[in-house]
Amino acid sequence: MSLFASLPDAVVAVDSGWRITALNQRAASLVQQTREEVLGKPFWETFPEALGAACEQQYQQALQTQVAVRFEVCYPALHAWFQITASPSHGGLVLFFQEMTRHKHEAEAQWRIALAQDITAHKQVEEALRASEHLSQAILDALTAHIAVLDPAGTILAVNEAWRRFARDNSEPGPLAGTEVGANYLEVCRKARGEFAEEAQEALAGILAVLHGSRSHFTLEYPCHSPEEQRWFLMSATPLPEGEGAVVAHITITERKRAEEAVQASEARARRLLESNLIGVVVADGELIVEANDAFLEMVGYTREDLEHRRLNWSAMTPAEYAPLDQRGLQELRERGVCTPFEKEYYRKDGSRIPILIGAATLQEQPVQWACFMLDISERKELERRKDEFISIASHELKTPITVLKGFVQLIQRRLEQQGVSELVQYLAPMQTQLDRLTRLVNELLDVSKIQAGRLDYAEETVDLDALVHEVVEFLQQTSATHTIRLSGASQAHIVGDRDRLSQVFTNLLTNAIKYSPQGQYVDVQIVPSAETVTVSVHDYGVGIARVHQGKIFERFYRVQDYHDKTFPGLGMGLYISQQIVERHGGTLWVVSEEGQGATFSVSLPLPHTEGAAQARAAMSPHGSGLAKGE
Ligand code: ADP
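Relative to the helices and strands, Glu345 is located in strand E13 (residues 338-347). Here Tyr322 takes part through its side chain, which lies 3.3 Å from a polar atom of the side chain of Glu345. For Glu345, the side chain forms a polar contact with the side chain of Arg353, separated by 2.7 Å. Not counting residues within four places of it along the chain, the set of residues in contact with Glu345 comprises Met317, Thr318, Pro319, Tyr322, Arg353, Ile354 and Pro355.

Let's shift gears to empty space enclosed by the protein. Counted under the stated rule, the structure contains four cavities of 30 Å³ or more. Considering only enclosed or pocket space, the largest cavity measures out at about 170 Å³ in volume. For the lining of the largest cavity, the elements supplying multiple residues, two or more each, are strand E11 (280-285), helix H13 (323-336), E13, strand E14 (353-364) and strand E15 (369-376).

Moving on: unusual backbone geometry. Not every positive phi belongs to a glycine, and Gln66 is a case in point at roughly 55°. As for its placement among the helices and strands, Gln66 is situated in the loop between helix H5 (54-65) and strand E3 (69-75).

Here the focus is the packing of aromatic side chains. Pairs of aromatic rings are described using the distance from one ring centre to the other and the angle between the two planes. One pass over the structure, following the stated rule, counts 13 aromatic pairs. For the ring pair Phe554 and Phe601, a centre distance of 6.4 Å and an interplane angle of 70° mean the geometry is edge-to-face. With a gap of 47 residues between them, Phe554 in the loop between helix H18 (547-550) and helix H19 (574-584) and Phe601 in strand E22 (residues 599-606) connect regions that are remote in the sequence. With respect to burial, Phe554 and Phe601 carry one shared label: buried. Taken together, Trp18, Phe43, Trp44, Phe47 and Tyr59 form an aromatic cluster joined through their ring pairs. Directly above the ring of Trp232 sits Lys257, whose terminal nitrogen or CZ lies 4.3 Å from the centroid.

Residue placement: Asp388 occurs in helix H14 (residues 378-418). Exposure remark for Asp388: the relative accessible area of 17% places this residue in the buried category. Non-local contacts of Asp388, meaning those with residues more than four positions away in its chain, are made with Ser449, Gln452 and Arg556.

Turning our attention to the pairing of strand E6 (residues 146-150). The two faces of a sheet get side chains in turn, since along a regular strand they alternate between them. Within E6, five of the five residues are buried, which leaves the element mostly enclosed by the surrounding structure. The alternating pattern of E6 places His146, Ala148 and Leu150 on one face and Ile147 and Val149 on the opposite face, and all of these are buried. One ladder, built from five bridges, connects E6 with strand E10 (residues 246-252); its direction is antiparallel. Pairing of Ala148 across the sheet is with Val248, part of E10. Here three bridges tie E6 to strand E7 (residues 156-159), and the two strands are oriented antiparallel to one another. Bridged to Leu150 within E7 is Ile156. A loop of five residues connects E6 with E7, the two strands running antiparallel in sequence, and Gly154 in this loop sits at a positive phi of about 95°.

Turning our eyes to something else, we now look at the sheet that holds strand E17 (residues 484-488). In spatial order, the strands read E17-E19-E20-E22-E21; together these five strands make up an open sheet with mixed pairing. Edge positions in the sheet fall to E17 and strand E21 (588-593), since each of these pairs with one other strand and no more. Neighbour to neighbour, the strand axes of the sheet diverge by 15° on average, direction disregarded. Across six bridges, E21 lies against E22 in antiparallel orientation.

Quick look at the sheet that holds strand E12 (residues 288-292) now. Taken in spatial order, the five strands make up an open sheet running E12-E11-E15-E14-E13, and their pairing is antiparallel. Two strands in the sheet have a free side with no partner beyond their single neighbour: E12 and E13. Each strand axis lies, on average, 35° off the axis of its neighbour in the sheet, ignoring direction. Of the pairings in the sheet, the one linking E11 to E12 comprises four bridges and is antiparallel in character. The residue of E12 that forms the bridge with Val283 is Glu291. The strands that H13 touches are E13, E14 and E15; relative to E13, the one it contacts most, it runs at about 150°. Sheet strands touched by H14: E13, E14 and E15. Its angle to E14, the strand with the most contacts, is close to 135°.

The next subject is the pairing of E11. Taken across its six residues, E11 has five buried, putting it largely inside the fold. Where E11 and E15 come together, six bridges link them in antiparallel fashion. Across the sheet, the residue bridging to Ala284 is Trp370, located in E15. Between E11 and E12, which pair antiparallel one after the other, the connecting turn spans two residues, and Gly286 there sits at a positive phi close to 65°.

Turning to a nonpolar patch on the surface, a few remarks are in order. The grouping of Val404, Phe408, Leu411 and Ile412 at the surface amounts to a nonpolar patch, some 340 Å² of accessible area in total. Structurally, Phe408 is set in helix H14. Given a relative accessible area of 49%, Phe408 falls into the partly exposed group.

Before going further, it helps to spend a moment on the nonpolar core. Among the nonpolar cores identified, the biggest contains 46 residues, and Phe506, Leu510 and Phe601 are the most heavily contacted of them. In terms of residue count, the dominant contributor to this core is helix H17 (residues 499-515) (seven residues). Both domain 4 (381-453) and domain 5 (461-629) contribute no fewer than three residues apiece to this core. Beyond its immediate sequence surroundings of up to four residues, Phe506 is in contact with Leu465, Leu468, Val469, Val472, Val536 and Val603. Within the second largest apolar cluster, 28 residues are counted, among which are Ile20, Val38, Ala50 and Val69.

A separate point is the pattern of salt bridges. One pass over the full model with this rule turns up 29 salt bridges. One salt bridge connects Glu321 with Arg353, and the closest N-O pair in it is separated by 2.7 Å. With a gap of 32 residues between them, Glu321 in the loop between helix H12 (304-308) and H13 and Arg353 in strand E14 connect regions that are remote in the sequence. The closest approach of N and O atoms between Lys381 and Glu384, which form a salt bridge, is 3.8 Å. With Lys381 and Glu384 both in helix H14 and three residues apart, the pair spans about one turn of that helix.

Rules behind the numbers
Residues numbered from 1 in each chain as written. Predicted model: local features only at pLDDT ≥ 70, side-chain atom pairs only at ≥ 80, totals over all residues. Heavy atoms only, no water. Helix = DSSP H or I, 4+ residues; strand = E, 2+ residues; numbered from the N terminus. Polar contact = N/O pair within 3.5 Å; in protein donor to acceptor, adjacent residues only side chain to side chain. Contact = heavy atoms within 4.5 Å. 1 Å grid on protein atoms, 1.4 Å probe; cavity = no way out; pocket = protein on both sides within 12 Å on 5 of 7 lines; lining within 4 Å. Points joined across faces, edges and corners; volume = space filled by probe spheres on them. Phe/Tyr/Trp six-rings, centres within 6.5 Å; stacked < 30°, edge-to-face > 60°. Buried < 20%, exposed > 50% of the residue type's maximum accessible area, 1.4 Å probe, protein only. Lys NZ or Arg CZ within 6 Å of the ring centre and 35° of its normal. Pairing = 2+ DSSP bridges. Axes fitted to C-alpha atoms, helices over the stretch in contact; angles between N-to-C directions. Patch = residues over 30% accessible without salt bridge, like charges linked within 9 Å, V, L, I, M, F, W, Y side chains within 5 Å. Areas by Shrake-Rupley, 256 points an atom, 1.4 Å probe, with all protein chains shown as cover. Salt bridge = Lys/Arg side-chain N within 4 Å of Asp/Glu carboxyl O. Core = buried A, V, L, I, M, F, W, Y, C linked by side-chain atoms within 4.5 Å. Domains from an automatic or database assignment.

As structure tokens, this is what we get:
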């Protein structure tokens, strides 16, 4: 039906008694009648101008001989020339009317040349049409959708296998079940009752609109409850060309609906998370923030209107010094889809800054979209600032009285010696030791606060590393009655750096080695040179460090608390300061340890000719750090 309807020419079929058995819309419009009016009528009544004209003879001849003819004729009533082909079919004729007024002359020439083959060609076309109708039916049957072809009045002309099954099996739920070829689909809709009454009325209106040409397409989604599950269908109606009717299809969309529902549910969950406002949440599309919750807007002092007008650009809101951190985060996002939380600042709308902790995850690859989660850490930062300020003030304040005390102890010691009361001098020795300990603590506190403020300065001098390590080992050996420090290896290396600061590092590592191996007898120090570096390692046979703590012991004030039987004095500053010093020399400090198995701390420093050393020197120079040595 649809193929017939889609032919560009007018086509009329007559039986052996000249009764019209079929015609397409194009033919009906030629005679300005509807197809229904014309169907079944005598041909000569519908096309009266053919009677008595030259063409009547041609038609009669073709019908009688059942041999195809082709000729041209002018229809004055229509002001048109037609090329007419009359082909025999089932004892009658099929007449093709091809309008040719505009192309008459070319067509005439072509026609003369092509007539002989053309008739055969026409046969081929007819056969192809038949074949393609079989093919169309086969394709229709292969489709899982339920498909029916309606004529303009809504009568079901053809259905595919899926529809046939659907109609046969009344147990199959659906608003339009039980429809078969020959039934009027519009009537079925009109009479639908019960569960699908509402959908059926909607379908009726939609199909009517499609059939009347006022809509080019109609779709309707409807649910189908069965005792086991809820299913969903999509009904669609599409017009056939030339007002020939419509194709109606029902397809199952349960899977799609379920997926949609799942997406909606997860969107609702995400939205609830966004609206919980416990933390700031934004969605960024490149550098632009496209979604944000109130918590974030409040943090940065922007309004929802600013957001809607796309005025929030996270890159522009980031102070320049945090750009490298952002880049690192982005890199991680690209590689792993998530980024490790880090601290940064944003410019608020009023120009002030807010410190935040930020973590992010990639939501979508193309185009790239991220969700970022932010925690306002202003309060924590403020506390940290106050703590740092307190440490800085306290250590300065402590320094003076300790220096005065030390001075007086030394003075008293000298006086007592001069007066020959040396038995009293021995009481001053523990005071001296405790004062030295206090001095070390206060100095460490001062170092920490200077590192925090970026004011720890370094001298640039040539350091004989072997000699330095020897010196530290010798000094600590004198103060330790419990451990033997065994030194091995040599580097012959002279590195450029701050002698006192490096001495501080080795002193700290050795002091720890002794302190954290109360049962130990030895501490081993080894110097190992390589082409680019010298590594000094300090190995003890003490309590060791569990894996969980190994990454944290270099943080300031971090101390391991889980020694069951012993407490070790200390404030957790030594390793932090040591690592800062080593890094400023372009080196690295790391630990290898197992709990209960002792520990090896290693310092690796770059040799002067290396790139690492050159970079460290540039960073350490007074121009690099901006300050000279000293407080
Ligand atoms: P502290 O003053 O507490 O010794 P450090 O910064 O020097 O501070 O060390 C931090 C923590 O690392 C210590 O509290 C201790 O738990 C652990 N630690 C350091 N050196 C060793 C070691 N040689 N063996 C075992 N644990 C160690």
